Amino acid sequence: MNSFEKKDDLSFIHEAERVATEALCLKAHCGVVIVSGGKIIGRGSNGPAGDAVGDRKCHRIRSDVQNHVHDRTCCVHAEWRAIMDALKTHPEKVHGSTLYFARVDERGVPMYSGEPYCTVCSRLALDAKIAHFVLLHRDGMRSYDTREYNEISYRNIDARK
Ligand SMILES: [Zn+2]
Ligand SMILES: [Zn+2]
């Protein structure tokens, strides 16, 4: 809970919000930065694979994917992009790093995060040995241990079935 990257954690959320404004997805605009030792080592926003906007699946109706409750989205997730970016550019620093997630609306206005539910991202972060996952909730920022984040994500999707 208390393992923020110290004083800079709000600025990292703000940078994640800025990255989210670059998202090419038509449904949701998410941004992620990954931080190690007080420095950003990876960034990503959600969008179609390879940013090929002609390949967007954003308009698929939700019933097509509702059986896959761990991944209700259409695009490459911001977390995947940021993790790939960090692994490419700072492979030795990903272990023990902190992931900051933010979301903005279509006008770029920051939104609060809901409860964790994406078990694809939680498993990927766990597998990459990212130590903490930070979300901005209505009552403030919360840093989850990634293992805890993964467990909560599974609990939330099980509750939705
Ligand atoms: Zn999309
Ligand atoms: Zn995800």
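Everything quoted here is computed from the prediction, not taken from an experiment.

Basis of the calculations
Residues numbered from 1 in each chain as written. Chains lettered and ligands numbered in written order. Predicted model: local features only at pLDDT ≥ 70, side-chain atom pairs only at ≥ 80, totals over all residues. Helix = DSSP H or I, 4+ residues; strand = E, 2+ residues; numbered from the N terminus. Contact = placed C-beta atoms within 7 Å. Axes fitted to C-alpha atoms, helices over the stretch in contact; angles between N-to-C directions. Parallel < 35°, antiparallel > 145°, perpendicular 65-115°, else oblique. Left-handed = near helix turned anticlockwise from the far one by under 90°. Nonpolar A, V, L, I, M, F, W, Y, C, P; charged D, E, K, R; others polar. Buried ≥ 20, exposed ≤ 12 C-beta atoms within 10 Å, placed from the backbone. Pairing = 2+ DSSP bridges. Core = buried A, V, L, I, M, F, W, Y, C linked by C-beta atoms within 7 Å. Expected span 1.5 Å × (residues − 1).

Things to note about the overall build of the chain
Okay, step 1: If you tally the helices and strands in the chain, you get 4 helices and 6 strands.
Okay, step 2: Shown N-terminal to C-terminal, the secondary structure of the chain runs as helices and strands in the order α-β-β-α-β-β-α-β-β-α.
Okay, step 3: Relative to all contacts within the chain whose residues are 6 or more apart in sequence, the contacts with residues 24 or more apart total 67%.

Focus on the packing of helix 2 (residues 78-89) against helix 3 (residues 119-127)
Okay, step 1: At a closest axis distance of 9 Å, the pairing of helix 2 and helix 3 adopts a crossing angle of 15 degrees. As summarised for this structure, helix 2 and helix 3 are arranged roughly parallel, according to the angle between their axes. Note on packing geometry: the crossing formed by helix 2 with helix 3 is left-handed. Contact residues: Glu79, Trp80 and Ile83 in helix 2; Cys121, Leu124 and Ala125 in helix 3.
Okay, step 2: For the contact of helix 2 with helix 3, the residue count by class is 5 nonpolar, no polar and 1 charged.

Quick word on the pairing of strand 5 (residues 132-137)
A regular strand carries its side chains on alternate faces of the sheet.
Okay, step 1: Strand 5 sits mainly inside the fold: 5 of its 6 residues count as buried.
Okay, step 2: Judged from the 3 bridges that link them, strand 3 (residues 98-104) and strand 5 form a sheet pairing that is parallel. The residue of strand 5 that forms the bridge with Tyr100 is Val134.
Okay, step 3: Inspection of the sheet shows strand 5 paired to strand 6 (residues 140-145) by 6 bridges, in the antiparallel sense. Bridge pairing links His132 to Asp145 in strand 6.
Okay, step 4: Taking the residues between adjacent antiparallel strands as the criterion, strand 5 and strand 6 are bridged by 2 residues.

Section: the nonpolar core
Okay, step 1: Of all hydrophobic cores here, the largest spans 37 residues; its most connected members are Ala16, Val32, Val33, Ile34, Leu99, Tyr100 and Phe101.
Okay, step 2: Elements supplying a minimum of two residues to this core: helix 1 (9-20), strand 1 (29-36), strand 2 (39-45), helix 2, strand 3, helix 3 and strand 5.
Okay, step 3: Those residues in contact with Ala16 that lie beyond four places of it in its chain are Gly31, Val32, Val33, Tyr100, Phe101 and Ala102.

Observations concerning the packing of helix 3 against helix 4 (residues 146-160)
A pair of packed helices is characterised by two quantities: the angle between their axes and the separation of those axes.
Okay, step 1: Between helix 3 and helix 4, the shortest axis-to-axis distance is 9 Å and the interhelical angle comes to 160 degrees. In terms of axis orientation, helix 3 runs roughly antiparallel to helix 4. Crossing handedness for the pair helix 3 and helix 4: left-handed. Each of Thr119, Ser122, Arg123, Ala125 and Leu126 in helix 3 lies in contact with helix 4, whose residues at this interface are Thr146, Arg147, Tyr149, Asn150, Ser153, Tyr154 and Ile157.
Okay, step 2: The residue makeup of the contact of helix 3 with helix 4, split by class, is 5 nonpolar, 5 polar and 2 charged.

As for helix 4
One turn of the α-helix equals 3.6 residues, which is why residues spaced by three or four share an orientation.
Okay, step 1: Over its 15 residues, helix 4 extends 21 Å from the first C-alpha to the last, a length consistent with the 21 Å expected when each residue adds 1.5 Å.
Okay, step 2: Turning to helix 4, the residues buried within the fold contact helix 3, strand 5 and strand 6.

Let's talk about the environment of Ile41
Okay, step 1: Its location among the elements puts Ile41 in strand 2.
Okay, step 2: Counting along the chain gives 57 residues from Ile41 to Thr98, while the straight-line C-alpha distance between them is 9.9 Å.

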